[in-house]
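Per-entry structural report
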Amino acid sequence: MSDQRFRHLKDIPSTHIFGSGTPACAGCGGLEVIHQLYEVLGEKTVFINAAGCMTLLSIYPFTPFRGSWLYTAMASAPAGAQGVRDALDILLEQGRIEPSENLTTVVLTGDGSAYGMGLSATSGAIERGLDFIYLCYDNEGYGNTGQQYSEATPHGAKTSTSTGPRGYPGYKKSIFDIWIAGHPAYAATVIGAEPLDLARKIDKAMQFKGPKMITALSPCPTGWGFDPKESVEIGELAVKTGVWPLKEYVDGKVIHTKVPRKRLPVEEYLKRQGRFAHLFNPSRHESTLNEIQQRIDRYWEQVE
Ligand SMILES: Cc1ncc(C[n+]2csc(CCOP(=O)(O)OP(=O)(O)O)c2C)c(N)n1
Ligand code: SF4
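Note that the structure is predicted; figures quoted are calculated from it, not measured.

The subject of this paragraph is the overall build of the protein. When its secondary structure is counted, the protein shows eleven helices and eight strands. Over its C-alpha atoms the protein spans a radius of gyration of 19 Å, differing by no more than 12% from the 19 Å that the globule rule assigns to 304 residues. Expressed along its principal axes, the backbone C-alpha trace of the protein runs to roughly 70 × 40 × 35 Å. Across the 304 residues of the protein, 51% fall into the buried class. Across the protein, contacts joining residues at least 24 apart in sequence account for 68% of those joining residues at least 6 apart. Side chains of the protein carry 31 positive and 33 negative charges; the gap between the two charge centres is 3 Å.

Here the focus is the sheet that holds strand β3 (residues 104-110). Backbone hydrogen bonds are what pair the strands of a sheet, in a parallel or an antiparallel way. The eight strands are arranged β2-β1-β3-β4-β6-β5-β7-β8 in an open sheet whose pairing can be described as mixed. Edge strands, defined here as strands with exactly one partner in the open sheet, are β2 (69-72) and β8 (253-258). Going across the sheet, the axis of each strand differs from the next one's by a mean of 20°, ignoring polarity. Two strands pair when backbone bridges link them, and strand β5 (residues 186-191) and strand β7 (residues 246-250) are joined in this way by two bridges, in the antiparallel orientation. Paired with A187 across the two strands is Y249, which belongs to β7. Most of the contacts of helix α3 (residues 77-93) go to β3, to which it runs at about 170°, and overall it touches β1 (45-50), β2, β3 and β4 (132-138).

Every residue lining ligand 2 is accounted for by A24, C25, C28, C53, N139, C220, P221 and T222. Residue classes in the shell around ligand 2 are distributed as six nonpolar, two polar and no charged.

All right, on to the packing of aromatic side chains then. In total, this model carries twelve aromatic pairs according to the counting rule given. Considering the side-chain rings of Y38 and F47, the 5.2 Å spacing of their centres and the 85° angle between planes classify their relative orientation as edge-to-face. Residue Y38 is classed as buried on the basis of its relative accessible area, which comes to 0%. For F47, a relative accessible area of 0% gives the class buried. Here W69 and Y71 contribute two aromatic rings whose centre-to-centre distance is 6.2 Å and whose plane-to-plane angle is 10°, an arrangement assigned as stacked. A relative accessible area of 23% places W69 in the partly exposed class.

Quick look at the nonpolar core now. With 30 residues, the main nonpolar core has I34, F65, L108, L135 and I214 as its most contacted residues. Mapped onto this core, the elements with two or more residues apiece are α2 (29-41), β3, β4, β5, α7 (195-205) and β6 (211-217). When sequence neighbours within four positions are dropped, the list of residues in contact with F65 reads F18, I34, Y38, F47, L57, S58 and L108. Formed by 26 residues, the second largest nonpolar core is a distinct cluster that contains I97, L119, A187 and M213.

Below, the discussion takes up the UniProt feature "domain: Thiamine pyrophosphate enzyme TPP-binding" (unreviewed entry) in the protein. Per the UniProt record, "domain: Thiamine pyrophosphate enzyme TPP-binding" (unreviewed entry) is annotated on residues 51-214. Taken as a whole, residues 51-214 contains 30% helix and 17% strand, while its terminal C-alpha atoms sit 18 Å from one another.

Over its 18 residues, helix α11 (residues 286-303) runs 26 Å from end to end, which matches the ideal 26 Å to within 8%, given 1.5 Å per residue. T288, L289, I292, Q293, I296 and W300 are the residues of α11 that are buried. Axial view of α11: buried residues confined to an arc of 130°, hence all on one face. Projecting away from the buried face of α11 at angles above 90 degrees are the exposed residues E301 and Q302. For α11, the elements touching its buried residues are β8 and α10 (267-270).

Basis of the calculations
- Residues numbered from 1 in each chain as written.
- Chains lettered and ligands numbered in written order.
- Predicted model: local features only at pLDDT ≥ 70, side-chain atom pairs only at ≥ 80, totals over all residues.
- Heavy atoms only, no water.
- Helix = DSSP H or I, 4+ residues; strand = E, 2+ residues; numbered from the N terminus.
- Rg over C-alpha atoms; globule rule 2.2 N^0.38 Å.
- Buried < 20%, exposed > 50% of the residue type's maximum accessible area, 1.4 Å probe, protein only.
- Contact = heavy atoms within 4.5 Å.
- Lys, Arg positive; Asp, Glu negative; His and termini not counted.
- Charge placed at Lys NZ, Arg CZ, Asp CG, Glu CD.
- Pairing = 2+ DSSP bridges.
- Axes fitted to C-alpha atoms, helices over the stretch in contact; angles between N-to-C directions.
- Near = heavy atom within 4 Å.
- Nonpolar A, V, L, I, M, F, W, Y, C, P; charged D, E, K, R; others polar.
- Phe/Tyr/Trp six-rings, centres within 6.5 Å; stacked < 30°, edge-to-face > 60°.
- Core = buried A, V, L, I, M, F, W, Y, C linked by side-chain atoms within 4.5 Å.
- UniProt positions renumbered as here; feature names shortened; annotations may be inferred.
- Expected span 1.5 Å × (residues − 1).
- Arc of directions from axis to C-beta.

Written as structure tokens, this is what we have:
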């Protein structure tokens, strides 16, 4: 079982197969997650990458990936993954490649694609039972083009397109709930700051054939406004305040893999990030702060 493979942090491979020196920002939480996923999956993995920050990783002739990587338009990564999977299956069936040459097919996409532009292609891939892993690194905005809001942006956050005194007026939607409505083989939320939880989930996902959906909250120093060295701490606070529930969907059931029983006040998370600074200075926006806290409390009351 997966939990036996990764019992302790030291059980997680640390081969550094994901190359260093990428063009991504220092402290990028998305990069942290890709690194951890790649360690668990190994180099027999092909990435199908929707346009976003991570498409800058491979700039010919340089790439941090050991194997293949394909760049698609924002809306099309799951369709690209279908083509790659079909090609591999045909080659396998015709004996033109050995089973040992098979590749794990992974879609890599930001939240702009996952929650918005790519949702239709994703829904189709789930419906067709495509055998792939879908990884959304969720930096809660369109990072590559200057952190415009996306449907993953949290209430009250300032983005380059939500500049009013109260920040983004909308509410982050739950991509996890949207995915599980389609009954994928597996779905999970993860975060780089909880590497053991993440490794166990990737390992468990690999035991299923079909669509395996993973969404990772990805602290983004550039878009969220914090020092790159605080990236892991911000991720830990997202879990400890209950902002980012860690959970998985298996056999039609949702299980929380970590329940923060003594939750820290959400302010501990918000006040560390420039995108929420206007909620504290020059004066406190009590109604917005209360509303954010109440929504988190309501979520966990239903779980506990
Ligand atoms: C249809 C379309 N509209 C706009 C763009 C320009 N564009 C390139 S990357 C990007 C942002 C993508 O945001 P997200 O998916 O959240 O990934 P991130 O940049 O945060 O990694 C945009 C808008 C595009 N490539 N395609
Ligand atoms: S903008 Fe954010 S998500 Fe994009 S590379 Fe920089 S830190 Fe990573």
